[in-house]
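Listed below are the residues making up each chain.
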Amino acid sequence: MAQSAVSPKTDSLITPVPLKTLAPWALFGGILMLVLLYFVGAEQGAVSVVSGEGVHEWLHDGRHLLGFPCH
């Protein structure tokens, strides 16, 4: 029988990330997504945090692209 010239490695190149390390970043990403969803979907509507038309004009095309009606 022929033997392989490459010996198998026993150590893994991928190590799992502990949940304690990942949880704050996942929470931050989730909050950021909710804030972005609010500004794209609801700002300048019935509930408005920022007065004026600035936010509406900056996000106008994105709203239509994502299917949010705005007028």
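Our structure's up above, just so we're on the same page.
Quick caveat, the model's predicted, so the values are computed rather than measured.

J.: Could you give an account of the overall build of the protein chain, with specific residues and numbers?
T.: The helix and strand inventory of the protein chain stands at two helices and zero strands. Across the 71 residues that make up the protein chain, the buried fraction comes to 8%. Within the structure as shown, the protein chain displays about 6500 Å² of accessible surface, and the carbon and sulfur contribution to it stands at 71%.

J.: Can you lay out the environment of leucine 66 for me, pointing to particular residues and giving the numbers?
T.: Secondary-structure assignment places leucine 66 in helix 2 (residues 54-66). A residue is classified by how much of its surface remains accessible, and leucine 66, at 57% relative accessible area, is exposed. Between the C-alpha atom of leucine 66 and that of valine 40, which follows or precedes it by 26 residues, the distance is 8.6 Å.

J.: Explain the packing of aromatic side chains residue by residue, including any values.
T.: Throughout the structure, instances matching the rule amount to one aromatic pair. A centroid spacing of 6.4 Å and a plane angle of 90° characterise the contact between tryptophan 25 and phenylalanine 28, whose relative ring orientation is edge-to-face. Here phenylalanine 28 and tryptophan 25 lie together in helix 1 (residues 19-41), a separation of three residues that amounts to about one turn. A residue is classified by how much of its surface remains accessible, and tryptophan 25, at 62% relative accessible area, is exposed.

J.: Summarise a nonpolar patch on the surface; cite the residues concerned and give the values.
T.: A contiguous nonpolar patch, built from Trp25, Phe28, Leu32, Met33 and Leu36 and spanning about 590 Å² of accessible area, is present on the exposed surface. Relative to the assigned elements, methionine 33 resides in helix 1.

J.: Would you mind going over helix 2 in detail, with residue names and values included?
T.: Along its 13 residues, helix 2 runs 19 Å from first to last C-alpha, staying within 8% of the 18 Å computed at 1.5 Å per residue. Along helix 2, the helix axis deviates most sharply at histidine 60, where the bend reaches about 50°. Burial in helix 2 covers these residues: Val55, His56, His60 and Arg63. For helix 2, the secondary structure elements touched by its buried residues are helix 1. Two residues or fewer after helix 2 comes glycine 67, characterised by a positive phi angle close to 90°.

About the thresholds
- Residues numbered from 1 in each chain as written.
- Predicted model: local features only at pLDDT ≥ 70, side-chain atom pairs only at ≥ 80, totals over all residues.
- Heavy atoms only, no water.
- Helix = DSSP H or I, 4+ residues; strand = E, 2+ residues; numbered from the N terminus.
- Buried < 20%, exposed > 50% of the residue type's maximum accessible area, 1.4 Å probe, protein only.
- Areas by Shrake-Rupley, 256 points an atom, 1.4 Å probe, with all protein chains shown as cover.
- Phe/Tyr/Trp six-rings, centres within 6.5 Å; stacked < 30°, edge-to-face > 60°.
- Patch = residues over 30% accessible without salt bridge, like charges linked within 9 Å, V, L, I, M, F, W, Y side chains within 5 Å.
- Salt bridge = Lys/Arg side-chain N within 4 Å of Asp/Glu carboxyl O.
- Expected span 1.5 Å × (residues − 1).
- Bend = angle between axes of the 7 residues up to and from the residue.
- Contact = heavy atoms within 4.5 Å.

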